[in-house]
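Architecture at a glance
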Amino acid sequence: MPDESRPRHARVVIVGSGPAGLTAAIYTARANLKPVVVGGVPAGGQLMITTDVENFPGFPEGIQGPELVERIRQQAVRFGTEFIDDQVTSVDFSRRPFRLKLGSRGALEADSVILATGANARWLDLPSEQKLRGHGVSACATCDGFFFRGKELALVGGGDSAMEEALFLTRFATRVTILHRRSTLRASKIMADRALKHPKISFRFDTVVEEVLGDQTVEGVRLRNVRSGESAVLPVQGLFIAIGYDPATDVFRGHVELEPNGYVKTHQVTRTSVEGVFAAGDVYDHRYRQAVSAAGFGCMAAIDAERWLEEQDSAAEKPPATR
Ligand code: NAP
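Residues numbered from 1 in each chain as written. Predicted model: local features only at pLDDT ≥ 70, side-chain atom pairs only at ≥ 80, totals over all residues. Heavy atoms only, no water.

Digging into the environment of Val91
Take Val91: it is sitting in strand 6 (residues 88-92). Remark: the alpha-carbon pair of Val91 and Ser202, spanning 111 residues in sequence, is separated by 46 Å. Once residues within four sequence positions are removed from consideration, Val91 is found in contact with Arg99, Leu100, Val251, Phe252 and His255. (Helix = DSSP H or I, 4+ residues; strand = E, 2+ residues; numbered from the N terminus. Contact = heavy atoms within 4.5 Å.)

Next comes the structure, spelled out in structure tokens:
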């Protein structure tokens, strides 16, 4: 008789549903491993808050981030992937099969696990920024840009995300001032050039935000020039933060080895410190961080998991050695 108290068992559980997790699902599903994807809430990862994806191969005209996610998801469903719209709240990788607790739907047991939880937007961590989050302060231009039609905006950051978000915001805002803490941009040349040439975008270099001004909504930002030490107030009605990401690894802390910066530590590309647990995408990759590289890592993690499971099965089937 089946043990009713035991959680449902899966050969592979994939945690996360961005391009890494979904690609891992396609590959493990096609290997007949019947993967279960615990997609996270909200599901889909960073692509869900990305507009034009112009560099994903196969889409010469570009594609919207959410549509790309949906297409990869449909491809995974086609081969038999099961999706659970929930979060993993804790894991136990010290026992076999592994166990993963879910937010509201019990738990799962898994012979192997692929970690693909990605990374989350960073904040400046100013009290005034936290107070006005959702009231004029945002880390997602795609989600909130629409609310700033006809407004003047500031945006913090000097990387590709900052350029992309600022360019997107010009669809709504009358002016976007990019505030960057150094005098040179980190962004790729093509993205930087687009922003630098845009008539609605201006830059303030060597500049940090000291305070977000306003009581109920954003009325301005108090800035400091890090070279001269001078302070200035820039009147704006919205502030966007685009300063990078932190890996979503809190739930795995203490269960797999992490790098000092919080990313999952891997060896032989996708293997974590626990045999049978693999990682894919931004949860460990802080170098490339592209949708296409995340998808590539998802493929690699899936193939590694499949081969590892095969090795475990053959070892279990081997007759005991005779003298
Ligand atoms: P990033 O490249 O790490 O850039 C983060 C930026 O924020 C840097 O300019 C950094 O300044 C600044 N910053 C970090 N912490 C800060 C703080 N506390 N206060 C003020 N400024 C701060 O991150 P990203 O722009 O999110 O890009 C991540 C990766 O995704 C990159 O590989 C990028 O190429 C890729 N990406 C590509 C596209 C695209 O191709 N369409 C779009 C988005 C992202 P410093 O420069 O001084 O460190």
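Remarks on the domain arrangement of the protein chain
Buried accessible area, meaning the area lost when the parts come together, often serves as the stated size of an interface. As assigned here, the protein chain comprises domain 1 (8-120 + 245-317) and domain 2 (123-241). A separation of 32 Å is found between the C-alpha centroids of domain 1 and domain 2. At the interface, 6 residues of domain 1 touch 8 residues of domain 2. Carbon and sulfur atoms make up 46% of the area that domain 1 and domain 2 hide from each other, which totals about 550 Å². Summed over the shared surface of domain 1 and domain 2, the result is 1 salt bridge. When the shortest N-O distance is used, the salt bridge between Arg194 and Glu54 registers 3.4 Å. Counting every contact that joins domain 1 to domain 2 gives 1 residue pair in polar contact (both at pLDDT 80 or more). (Domains from an automatic or database assignment. Buried area = accessible area lost by both parts, 1.4 Å probe. Salt bridge = Lys/Arg side-chain N within 4 Å of Asp/Glu carboxyl O. Polar contact = N/O pair within 3.5 Å; in protein donor to acceptor, adjacent residues only side chain to side chain.)

Examining the sheet that holds strand 14 (residues 207-213)
The strand order 14-15-16 describes an open sheet built from 3 strands, whose pairing is antiparallel. If you trace the sheet from one side to the other, it starts and ends with strand 14 and strand 16 (231-234), each paired once. Between one strand axis and the next, the sheet turns through 30° on average, direction left out of account. Direction of pairing for strand 14 relative to strand 15 (residues 220-225): antiparallel, over a ladder of 6 bridges. The residue bridging Leu213 from the neighbouring strand is Gly220, located in strand 15. (Pairing = 2+ DSSP bridges. Axes fitted to C-alpha atoms, helices over the stretch in contact; angles between N-to-C directions.)

Quick notes on the nonpolar core
If you look at the biggest cluster of nonpolar residues, it comprises 57 residues, and the most contacted ones within it are Val13, Phe93, Val113, Ile114, Leu115 and Val256. In terms of residue count, helix 7 (residues 291-317) provides more of this core than any other element does, 9 residues in total. Residue contacts for Phe93: discarding those within four places in its chain leaves Phe98, Val113, Leu115, His255, Val256, Val274 and Val277. Residues Phe172, Met191, Ala192 and Phe240 belong to the second largest nonpolar core, which totals 22 residues. (Core = buried A, V, L, I, M, F, W, Y, C linked by side-chain atoms within 4.5 Å. Buried < 20%, exposed > 50% of the residue type's maximum accessible area, 1.4 Å probe, protein only.)

Topic: the sheet that holds strand 12 (residues 175-179)
As summarised here, the arrangement of the 5 strands in space is 10-17-11-12-13, forming an open sheet in which the pairing is parallel. Bordering the open sheet on either side are strand 10 (137-138) and strand 13 (201-204), each of which pairs with just one other strand. In this structure, strand 11 (residues 152-156) lies alongside strand 12, joined through 5 bridges in parallel fashion. In the strand pairing of strand 12, Leu155 is matched with Ile178. Across the sheet, helix 5 (residues 160-169) touches strand 11, strand 12, strand 13 and strand 17 (238-241), and the angle it forms with strand 11 is around 170°.

Comments concerning unusual backbone geometry
Cis geometry marks the peptide bond from Val41 to Pro42, where omega comes out at -5°. With respect to the element layout, Pro42 can be found in the loop between strand 2 (36-38) and strand 3 (52-53). Here the residue pair Arg96 and Pro97 is connected by a cis peptide bond, since its omega of -10° sits within 30 degrees of zero. By secondary structure assignment, the location of Pro97 is in the loop between strand 6 and strand 7 (98-102).

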